[in-house]
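Residue-level structural notes
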Amino acid sequence: MADEKLFTEFPPISTEEWEATINKDLKGADYEKKLVWRTDEGFNVRPYYRAENLNDINYLDTLPGEFPYTRGTKADNNQWEIVQEIDEICPVKANAIAIDAINRGATTIAVNAQGIENAEALAKLLNGIDLNKVGVQFNHVKCYISLVKMFLTYVDENKYDRHNISGCINFDPIAYRLKHNKFYHSEKEDMMQAVELLNMVEEMPKFKLINVNGILLHNAGSTIVQELGYTLALANEYLSFCTEQGVKVEKVASRMQLTLSVGSNYFMEIAKLRAARLLWSTMVSQYNPACECAYKIRINTVASTWNKTLYDPYVNMLRSTTEGMSAVIGGSDAISLQPFDVAYKESDEFSRRIARNVQVLLKEESFMDRVVDPAAGSYYIETLTNSIAEQAWKLFQSVEAAGGALKIIADGALQAEIEKSCQKRDMDIATRRYILLGTNQYPNINEKMADKIERLVKDENEGLKTYRGAIAFEEVRLATEKSGRRPKVYLLKLGNLAMRQARAGFITNFFGCAGYEIVEPAGFATVEEGIKAVAEVKPDLIAVCSSDEEYATLGIEAAKQCKAQFPNTPFIVAGNPTECIDALKAAGADDFIHVRTNILESLKSYNEKLLK
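Anyway, here's the lowdown on the structure attached to this text. (Residues numbered from 1 in each chain as written. Predicted model: local features only at pLDDT ≥ 70, side-chain atom pairs only at ≥ 80, totals over all residues. Heavy atoms only, no water.)

Time to look at a nonpolar patch on the surface. A cluster of nonpolar side chains, Leu 6, Phe 7 and Phe 10, forms an exposed patch at the surface whose accessible area comes to about 410 Å². Within the fold, Phe 10 resides in the segment before helix H1 (15-26). (Patch = residues over 30% accessible without salt bridge, like charges linked within 9 Å, V, L, I, M, F, W, Y side chains within 5 Å. Areas by Shrake-Rupley, 256 points an atom, 1.4 Å probe, with all protein chains shown as cover. Salt bridge = Lys/Arg side-chain N within 4 Å of Asp/Glu carboxyl O. Helix = DSSP H or I, 4+ residues; strand = E, 2+ residues; numbered from the N terminus.)

Rendered as structure tokens:
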């Protein structure tokens, strides 16, 4: 019985047979255009994958906890740290937030250390927190050397075992250089602090001292490949500099961590984290470390802010959930998810709790901490992992060939490439090739957010800027809210029932993204009935919704009558009826709105006309 194989009654199907069936179903349509997806990262994704697609991948026979660590650095569990980010500067208030977060499931606190200028302030911040059980990350530090000295003193005075202390400082002078177009002091002086820090904390192996902020690249608009390739190059600058100063590579590598983003592209983000470990071990192997610890990079993930939105903010909860799952399945060591209201206010107890509870549920109810590398063996994810790794490694090699990350940053080349990707992502949002639910598609038309805004963060740094992809759409809709008037769009539905309903839905979504009022009647049997109803409403825009065939008759007649009775009201055709466009224009049609329309530019134009 033990040797019996299941499903032997199902004969194997060859790839050729699958392809023949697919091509038959396509009925002559182009296979590549219909079914193959070209990613922003520069490689193609096929509609399906089989075991044969994994033949050239050489790490598949390794186990979790084995080199090259694609499958994770942990062999028998998938434990991760639930990180609670705390923005509060006041040490006493931050401590209260931290204690509450720890009691509710957080295992690491990430604090804003901007106000920690002396030992007394540090003691207030950490009061009542058991550092044997809770990790601590220090962000926004004014002087890392001073802070680490104070922290070591605090650890010793409170009789903690240094070997048990976990966490990190956000020391990353190259990230500062990217954001501000300059180093804090100078390149040599700032980089030398890395060496000094490494020599200060010999007996705290779990405490990381160099944090490479790949998330900065992501939130500035990079692709996944750029985030990984450039992050690897930035990390290599620290390895190279420190080893040149006589520090052993294993000492440097083991005290570093990568802070990467995790966005809403579910499978790609899982593959990215797996590829990051593969690439790290590949790079570090070139230094021939004497200790295996050098290959085991710690990955700290922080959920993207780039994709968080002001409107329909509860959708951000859904985004955070998928991001948390990607981070967990990808094998992240520490995870921080964004509060759903991050786009427009400081987080409060409720929004922090919701963000934290996503991870608590993934652990306590989904048991995702018990399965190591659950994505292993998936033809799709393994192929994605390999493709991302290949493209990111090529980018890393090109950076090294150009003189290294600091060189291309000084030349502006890195920033220019990120900006190019950023502009493409913006265009994808403007044309709805990339959907931000509730913002550029399926908006809550009656939602008001202007009076709920406590802050709208704008990056004023001189260098690489972080931002959110939704900002441009939000500015358009906020302009409508703040104008004191809400333009009315009348849906003039004529002819074919299915087509007029579909196009009415399209126009509703389109102008709903600007917060316009949509007036939607049931539909009309004749143009005359429709024109009479329009006259009663007196809208700001008239959008005729029908089929392409009927635009040649009903559409033209509607355009003529509307222009005769409402000459100053723009008349819009929903769709792109190429065969009768000229006739519609001659009859009075002012605009044609369809799937290829740049929705952002169009809405800006209508706001300028209607909100005067």
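This brings us to empty space enclosed by the protein. A complete count under the given rule lists 4 cavities of 30 Å³ or more for this structure. Within this model, the largest cavity holds a volume of roughly 70 Å³. Around the largest cavity, the lining residues are Arg 71, Gly 72, Thr 73, Lys 74, Asn 77, Asn 78, Arg 277, Ile 329, Gly 330, Gly 331, Val 372 and Asp 373. Its residues placed into classes, the lining of the largest cavity shows 2 nonpolar, 6 polar and 4 charged. (1 Å grid on protein atoms, 1.4 Å probe; cavity = no way out; pocket = protein on both sides within 12 Å on 5 of 7 lines; lining within 4 Å. Points joined across faces, edges and corners; volume = space filled by probe spheres on them. Nonpolar A, V, L, I, M, F, W, Y, C, P; charged D, E, K, R; others polar.)

Next up on the list: helix H13 (residues 349-364). An α-helix turns once per 3.6 residues; consequently, residues spaced three or four apart project the same way. Between the first and last C-alpha of H13 there are 21 Å, a value that for 16 residues agrees with the 22 Å anticipated at 1.5 Å per step. Maximum bend of H13: about 25°, positioned at Asn 357. Those residues of H13 not exposed but buried are Ser 351, Arg 352, Ala 355, Arg 356, Val 358, Gln 359, Leu 362 and Lys 363. In this structure, the buried residues of H13 make contact with strand E3 (81-86), helix H3 (91-103), helix H12 (315-329) and strand E11 (334-336). Among the residues of H13, the N-terminal cap falls to Asp 348, whose side-chain oxygen and the backbone nitrogen of Phe 350 are separated by 3.2 Å. (Expected span 1.5 Å × (residues − 1). Bend = angle between axes of the 7 residues up to and from the residue. Buried < 20%, exposed > 50% of the residue type's maximum accessible area, 1.4 Å probe, protein only. Contact = heavy atoms within 4.5 Å. Polar contact = N/O pair within 3.5 Å; in protein donor to acceptor, adjacent residues only side chain to side chain.)

All right, on to the pattern of salt bridges then. For side chains of opposite charge, pairing can occur when their charged atoms come near one another. The final tally for this structure, using the stated rule, is 30 salt bridges. Residue Lys 272 pairs with Glu 227 through a salt bridge whose shortest N-O separation is 3.1 Å. One end of the pair, Lys 272, is in helix H11 (residues 266-285); the other, Glu 227, is in helix H9 (residues 224-244), with 45 residues separating them in the sequence. Of the two residues, Lys 272 and Glu 227, neither departs from the other in class, the shared state being buried. As a salt-bridge pair, Glu 474 and Arg 468 come within 2.8 Å of each other at their nearest N and O atoms. The exposure classification of Glu 474 matches that of Arg 468, with both residues buried.

In this structure, Leu 131, Phe 138, Phe 151, Ile 169, Met 256 and Trp 280 are the most contacted members of the largest nonpolar core, which totals 120 residues. Per-element accounting of this core gives the leading share, 12 residues, to H9. Excluding anything up to four places from it in sequence, Trp 280 contacts Leu 232, Ala 235, Leu 239, Ala 253, Met 256, Leu 258, Ala 294, Tyr 295, Lys 296 and Ile 297. (Core = buried A, V, L, I, M, F, W, Y, C linked by side-chain atoms within 4.5 Å.)

This part takes up the environment of Gln 565. Locating Gln 565 in the fold gives a position in helix H20 (residues 548-565). Taking the C-alpha atoms as reference points, Gln 565 and Arg 104, 461 residues apart in sequence, are found 65 Å from one another.

Following the criterion strictly, the structure yields 18 aromatic pairs and no others. For the pair Trp 18 and Tyr 48, a centre-to-centre distance of 6.3 Å together with 40° between the ring planes defines the contact as tilted. Highlighted residues: Trp 18 in helix H1 and Tyr 48 in the loop between strand E2 (44-45) and E3, separated in sequence by 30 residues. In this structure Trp 18 comes out as partly exposed when scored by relative accessible area, which is 42%. Judged by centre distance (5.0 Å) and plane angle (35°), the rings of Trp 393 and Phe 396 are tilted. (Phe/Tyr/Trp six-rings, centres within 6.5 Å; stacked < 30°, edge-to-face > 60°.)

It is worth spelling out unusual backbone geometry at this point. Of note, the amide linkage connecting Phe 67 to Pro 68 takes the cis form, showing an omega dihedral of 10°. Along the chain, Pro 68 turns up in the loop between E2 and E3. Backbone geometry places Asn 288, a non-glycine residue, at a positive phi of 50°. Residue placement: Asn 288 occurs in the loop between H11 and strand E10 (298-303). Although it is not a glycine, Phe 367 sits at a positive phi angle of roughly 55°. With respect to the element layout, Phe 367 can be found in the loop between H13 and helix H14 (379-401).

This brings us to the pairing of strand E4 (residues 108-112). For E4, the buried fraction is high: 5 of the 5 residues fall into the buried class. By the alternation rule, side chains of E4 split into Thr 108, Ala 110 and Asn 112 and Ile 109 and Val 111, which are all buried. Bridge analysis of E3 against E4 gives 4 bridges, and the strand direction is parallel. Each bridged residue has a counterpart across the sheet, and for Glu 85 the counterpart in E4 is Ala 110. This β-α-β element, E3 to H3 to E4, shows right-handed connectivity. Here E4 pairs with strand E5 (residues 135-139) via 5 bridges, running parallel. The partner of Val 111 across the bridge, within E5, is Phe 138. (Pairing = 2+ DSSP bridges. Right-handed = clockwise from strand over helix to strand, strands pointing away.)

This next bit is on the environment of Ala 559. Secondary-structure assignment places Ala 559 in helix H20. Residue classification places Ala 559 among the buried residues on the basis of a relative accessible area of 0%. Put simply, Ala 559 and Cys 143 are 416 residues apart on the chain and 68 Å apart in space, counted from C-alpha to C-alpha. Setting aside anything within four residues of it in sequence, one finds Ala 559 in contact with Phe 571, Leu 584, Ala 587, Gly 588 and Ala 589.

Time to look at H20. An ideal rise of 1.5 Å per residue puts 26 Å on 18 residues; H20 measures up with 24 Å between its terminal C-alpha atoms. Of the positions making up H20, those classed as buried are Tyr 551, Gly 555, Ile 556, Ala 558, Ala 559, Gln 561, Cys 562 and Lys 563. Check the buried side of H20 and you find it contacts strand E12 (488-493), helix H18 (497-512), helix H19 (527-537), strand E14 (541-545), strand E15 (571-574) and helix H21 (581-587).

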